[in-house]
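Fold and contact review
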Amino acid sequence: AVFYYTIKNLPPEFNSCFANVHLFALCYTHDLTVHGFSSILDRFVSEMKELSSDGMTGEFPVLGHMTVYASLCQVTGDNLALNKIFGFIESFSHSYFCTLCYATSEQIQVLFHEEQFERRTVDRYKKDLAGVKTARQRGKNHCFGVKSSCKLNDIDGFHVVDNWSLDIMHIVLEGIVEVELGCILHGL
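Cut-offs and rules
- Residues numbered from 1 in each chain as written.
- Predicted model: local features only at pLDDT ≥ 70, side-chain atom pairs only at ≥ 80, totals over all residues.
- Heavy atoms only, no water.
- Pairing = 2+ DSSP bridges.
- Helix = DSSP H or I, 4+ residues; strand = E, 2+ residues; numbered from the N terminus.
- Buried < 20%, exposed > 50% of the residue type's maximum accessible area, 1.4 Å probe, protein only.
- Arc of directions from axis to C-beta.
- Core = buried A, V, L, I, M, F, W, Y, C linked by side-chain atoms within 4.5 Å.
- Contact = heavy atoms within 4.5 Å.
- 1 Å grid on protein atoms, 1.4 Å probe; cavity = no way out; pocket = protein on both sides within 12 Å on 5 of 7 lines; lining within 4 Å.
- Points joined across faces, edges and corners; volume = space filled by probe spheres on them.
- Nonpolar A, V, L, I, M, F, W, Y, C, P; charged D, E, K, R; others polar.

1. Overview of the pairing of strand S3 (residues 56-60)
- Where S3 lies against strand S4 (residues 64-68), 5 bridges are found, and the strand directions are antiparallel. From the neighbouring strand, Met56 faces S4, where its bridge partner is Val68.

2. Remarks on helix H4 (residues 79-86)
- Considered for burial, the residues of H4 that qualify are Asn79, Leu82, Asn83, Ile85 and Phe86. Down the axis of H4, the buried set is contained in an arc of 165°. They therefore lie on one face.
- Taken from the residues just after H4, Gly87 is the one with a positive phi, measuring 85°.

3. A few points about the nonpolar core
- Membership of the largest hydrophobic core comes to 27 residues, with the highest contact counts inside it found for Phe3, Leu72, Phe86, Leu152, Ile155, Phe158 and Val160.
- Elements supplying a minimum of two residues to this core: helix H3 (38-53), H4 and helix H6 (122-137).
- Ranked by the residues each element gives to this core, the list is headed by H3, at 5 residues.
- Setting aside chain neighbours within four positions, we find Ile155 in contact with Phe44, Val45, Met48 and Leu72.
- Core analysis: the second largest hydrophobic core is formed by 7 residues, Ile89, Phe97, Cys98 and Leu100 among them.

4. Notes on the layout of surface pockets
- Put simply, the largest pocket is a space of about 1900 Å³.
- Sorting the residues of the lining of the largest pocket by element identifies strand S1 (2-6), strand S2 (21-26), helix H2 (29-35), H3, S3 and H4 as the ones contributing at least two each.
- Broken down by class, the residue content of the lining of the largest pocket amounts to 33 nonpolar, 11 polar and 4 charged.

By themselves, these are just geometric observations and shouldn't be taken as functional.
Now the structure itself:
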């Protein structure tokens, strides 16, 4: 697994080049399976807390000498990886797989507009997280799709239910395009 980050509040000419893609961590997928994401995210969370409160002072190209502060805005990756990092279920064929709402497998077949789904909130997420222990006693591994807490929630200003970055290519190419193309071909 490869983790990297970009700095988003730079001018477009700096933001649109590979020089602004920075390596954060490399690790074996097997190690993530055995040890989880906490060992990697602990250090990242610690550094983000320090960068948001104390900043980093130095001489920067174009900017000159100054103190720069950082915060976590969005986390992106394929949907399976995001669900795993965020502590949500990794099965997209069952209910409550979405990190943004409480969609059930039945609802996604007949509802198509955002306002028709109940949005996840931080307060409800905390209740779902508290319900995981009870769910496990009943033989389930999640409560409304939440399996475990995410270390990234410890960063001020960030919460997994407010992460609006999804892998649109998987959604479009593995779902929407298949269905729509099937409908078009059937109509022809």
